[in-house]
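Each chain, written out:
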Amino acid sequence: RLLVKMKYEKMDRKTGGAGKEFAQFVKVGYNRARQVTGEKLGTAQRTDYDREFQDLCNRVDKHSFWASMLTSKVELVLQPNPAYRFEDFVTEKIGNEREIRHTYTEQLGICMLNAGSDMSSSDYGQALLIMGDYENRVGESEHRMIKNAFVKFVKPFMDAASKEGAINGERRTLTALRLDLDAAKNRVRAAKTADEMKELEQFVDEAQKKFDEQYELCREVLEDRDQQNAAMVVHLEDLCKVQVDYFKESP
């Protein structure tokens, strides 16, 4: 520990103000890594989150996991072609609207209509025209179902998932501040003198204040997300209605 402290002081003398900031960054990182290692080895104490907060985190995590799984499976049903799905994914990421494509049934119907028109003088050609019209109408109904399912189910879940980054960022900050707090507490426990303990307790008070503020901020963010998750059931009802309407419309 003394060698590490001497390295920080040497770095400060060499690089000035910028060096002090960097040295502090390195010091914080070292303390956090040391705390994590101690926790894994069972040699360092840690602050546990309350049960209600842990349950809240678990609910949000489970919803995020299954929302991602459900969205991917619905997209697989709506667009079986993986190349088109990837293209749509990239298009969404850059902020553009997805390309409107004919469904496979529509493509079959168009092909039959073209073939029937080319051979319209024969019974076979007339049959192709009738069948092509039928396939085309099925394809159009399919197309409406795909569009409505995306707008009413997939898109809301994708919009919700886009906010996960900010929530996870707040949780990572909370974890970092928790490590800072526990590292400070463990240094107090290891203090050799009363003066050293008193000095270190100031760091504990500062770390505790930052942790408590972030803890409440995380709780508010997660509670808001949990409420939004509960409201997502309406989109599941929309998906059900879209499919019911599709089968009713199918000729």
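So, a few notes on the structure that sits alongside this text.

Calculation notes
- Residues numbered from 1 in each chain as written.
- Predicted model: local features only at pLDDT ≥ 70, side-chain atom pairs only at ≥ 80, totals over all residues.
- Heavy atoms only, no water.
- Disulfide = S-S within 2.5 Å.
- Salt bridge = Lys/Arg side-chain N within 4 Å of Asp/Glu carboxyl O.
- Helix = DSSP H or I, 4+ residues; strand = E, 2+ residues; numbered from the N terminus.
- Buried < 20%, exposed > 50% of the residue type's maximum accessible area, 1.4 Å probe, protein only.
- Phe/Tyr/Trp six-rings, centres within 6.5 Å; stacked < 30°, edge-to-face > 60°.
- Lys NZ or Arg CZ within 6 Å of the ring centre and 35° of its normal.
- Core = buried A, V, L, I, M, F, W, Y, C linked by side-chain atoms within 4.5 Å.
- Contact = heavy atoms within 4.5 Å.

On inspection of all chains with the given rule, the structure shows zero disulfides. Here Cys218 stays unpaired: no disulfide links it, and the sulfur of Cys57, its closest cysteine neighbor, is 7.4 Å away.

Let's shift gears to the pattern of salt bridges. In this structure the tally under the stated criterion is 14 salt bridges. We note a salt bridge from Lys155 to Asp159, for which the minimum N-O separation is 3.1 Å. With Lys155 and Asp159 both in helix 5 (residues 123-161), this residue pair falls four residues apart, about one helical turn. Exposure remark for Lys155: the relative accessible area of 29% places this residue in the partly exposed category. A salt bridge links Lys241 to Asp245; the shortest N-O distance between them is 3.1 Å. Residue Lys241 and its partner Asp245 are both found in helix 8 (residues 233-249); the two are separated by four residues, about one turn of the helix.

The next subject is the packing of aromatic side chains. Inspection of the entire model under this criterion finds eight aromatic pairs. A centroid spacing of 5.8 Å and a plane angle of 40° characterise the contact between Tyr49 and Tyr215, whose relative ring orientation is tilted. One end of the pair, Tyr49, is in the loop between helix 1 (2-41) and helix 2 (51-78); the other, Tyr215, is in helix 7 (residues 194-231), and 166 residues separate them in sequence. Judged by its relative accessible area of 18%, Tyr49 is buried. Residue Tyr215 is classed as buried on the basis of its relative accessible area, which comes to 10%. An aromatic cluster of at least three residues, connected via ring pairs, comprises Tyr49, Phe53, Phe211 and Tyr215. Here the basic side chain of Arg101 rests over the ring of Tyr84, its NZ or CZ set 4.2 Å away from the ring centre.

Next up on the list: the nonpolar core. Counting 18 residues, the largest nonpolar core has Tyr49, Phe53, Leu174, Phe211, Tyr215 and Leu222 as its most contacted members. Among the secondary structure elements, those contributing two or more residues to this core are helix 2, helix 6 (164-189) and helix 7. For this core, the element with the highest residue contribution is helix 7, accounting for seven residues. Sequence-distant contacts of Phe53, that is, excluding residues within four places in its chain, are made with Leu174, Tyr215, Cys218, Arg219 and Leu222.

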